[in-house]
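In case you want the letters, here they are:
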Amino acid sequence: MQIFHHSTNTLAKVSIFGALFAAAGGLWLVLEVNRSSYVTQAGVARIQPVQFSHQHHVGGMGLDCRYCHTSVETAAAAGIPPTQTCMNCHSQIWSTSPELEPVRESFRSGKSLEWVRVHDLPEFAYFNHSAHVNKGMGCTTCHGRIDRMPLVWQEASLQMEWCLTCHRAPEKFVRPQAEVFNAAYEPPADQLELGRKLVQEYGLKPRTSCSTCHR
Amino acid sequence: MRGPVLTAALLSVAFAMGCRQDMHDQPKYKPYRASDFWGDGRSARPLPEGTVARGHLREDTHLFTGKVNGQLAATFPFAITESVLARGRERYGIYCTPCHGLAGYGDGMVVARGFRRAASFHVDRLREAPPGYFYDAIANGFGAMPSYAAQIPVEDRWAIVAYVRALQLSQHATVSDVPPEKRGELGAPAPAPPAAGGHH
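Thresholds applied
- Residue indices begin from 1 for each chain and proceed along its sequence in written order.
- Naming scheme: in the order in which they are written, chains are lettered from A and ligands are numbered from 1.
- Given that this is a predicted model, residues contribute local features only at a pLDDT of at least 70 and side-chain atom pairs are listed and counted only at 80 or more, while totals for whole chains, interfaces and linings are drawn from all residues.
- Computation of side-chain values covers all heavy atoms of the structure but excludes hydrogens and water.
- Runs of H or I in DSSP of at least four residues are treated as helices and runs of E of at least two as strands, each being numbered from the N terminus.
- Atoms counted for the radius of gyration: C-alpha only. Globule rule: 2.2 Å times the number of residues to the power 0.38.
- Only protein chains enter the accessibility calculation, which uses a 1.4 Å probe; a residue whose area is less than 20% of its type maximum is buried, one above 50% is exposed, and one in between is partly exposed.
- Whether two residues are in contact is decided by their heavy atoms, any of which lying within 4.5 Å being enough.
- Areas reported as accessible are Shrake-Rupley estimates using a 1.4 Å probe. Residue values count occlusion only from the protein chains shown.
- The positive count covers Lys and Arg only, the negative count covers Asp and Glu only, and His and the chain ends enter neither.
- To locate a charge, take NZ of a lysine, CZ of an arginine, CG of an aspartate or CD of a glutamate.
- The working definition used for a salt bridge is a side-chain nitrogen of Lys or Arg within 4 Å of a carboxyl oxygen of Asp or Glu.

## With respect to the overall build of chain A
Looking only at helices and strands, chain A features 11 helices and zero strands. Against the globule reference of 17 Å for 215 residues, chain A gives a C-alpha radius of gyration of 24 Å, more extended than a compact globule. Oriented by its inertia axes, the alpha-carbon framework of chain A measures out at about 95 × 50 × 35 Å. The buried share of chain A, reckoned over its 215 residues, is 36%. Long-range contacts, defined here as pairs at least 24 residues apart, represent 69% of the contacts in chain A between residues at least 6 apart. When the accessible surface of chain A is summed, it comes to about 12,900 Å², and 63% of that surface belongs to carbon and sulfur atoms. Separation of charge centres in chain A, based on 19 positive and 18 negative side chains, amounts to 6 Å.

Next comes the structure, spelled out in structure tokens:
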């Protein structure tokens, strides 16, 4: 006795193959959603208590990164400047601007400005700024053109696959030590050639073992 | 119909995996993280006054205060080498050029925007001032200039003073200051300056 109509043979074949594609497609979807800026928050500028513009201070005025981020060459954290650093100039410049009232209030009261963290690595990953900037890794390699950001956003995904693109092939990204803090630096046409030379010169051996970053 | 159901089940499992963030957000303090334990909301605690880290007692008054027997030091506390000068040039570029300008005339870009003009280094009074005078200004501030002690470590302050001395010489030199064998190069195009970190 024929329970199923003859056409269900086709349906069975399609659903077997279809399930494969649906599963693969689903997996692909999960991975892509995970990489998207919806999850990583890359490219999303954060509203801050003071709308501090790196575009103005770095791109426009030419301030060096280290004027404010004083510990970037010597410590894991680059350093968020104390309010005093703002007041070095803003005691006299824009000193009555309402925009800067939170800065003056912080200076008077001694209470910290509560900046919104933009780059928030997971807590099982240990990143060290000094290890990178002292070995020819430029600020903008990870942070993007900070000198063009009115409000800071996270340029990279900060996901492990992104870290590994450089840890596996530093010659693609390393730059001369003197250019590390130059936000306008553009890699030369012969980056790979220069990169291989610098990797030798700086003795770069970025490891890819788990315990390099996870402790 | 089993295929789509299975896919949906797998998908929901896959999505559910990303939901727990306990390892991402561990109950510990990273630098600059806020704390609700302390009254001021900071996890980084200020040092009690007078704290001295082991091995960091500032016994060398010449090095740390720029003074010798209470007088502004007329000498540097360590030998000034080419690498110290290069370091001074780099640090001067980072911390001093905004007000003092690249050559030290007090015409930096912050001054151009209205900050009280810093004195030019190229006046007799400052050419005659001892190194300790400049060190003291960096460490404690001077006039409208705030203290840069928090931003510039001790050795770097002296390196900057050495570079200021070099700047002063550069703007106040005569042909007799040039070694005889180098005088022929005067008027020749200047060699490219050595790379200093950052752009200004």
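From this point, the narrative continues.
## A few points about the pattern of salt bridges
Per the counting criterion, the structure on display carries 19 salt bridges over all chains. In this structure, the salt-bridge partner of A:R108 is A:E101, at a minimum N-O distance of 2.6 Å. Residue B:D156 is joined to B:R87 by a salt bridge in which the shortest nitrogen-to-oxygen separation is 2.8 Å. Placement of B:D156 in helix α8 (residues 154-170) and of B:R87 in helix α3 (residues 82-95) is noted, with a sequence separation of 69 residues between them.

## Side note on the environment of B:V161
Residue and element names in this part refer to chain B. Examined against the element boundaries, V161 turns out to sit in helix α8. Owing to a relative accessible area of 1%, V161 belongs among the buried residues under this scheme. Taking the C-alpha atoms as reference points, V161 and P131, separated by 30 residues in sequence, lie 6.3 Å from one another. Setting aside anything within four residues of it in sequence, one finds V161 in contact with F76, P131, F134, Y135 and I138.

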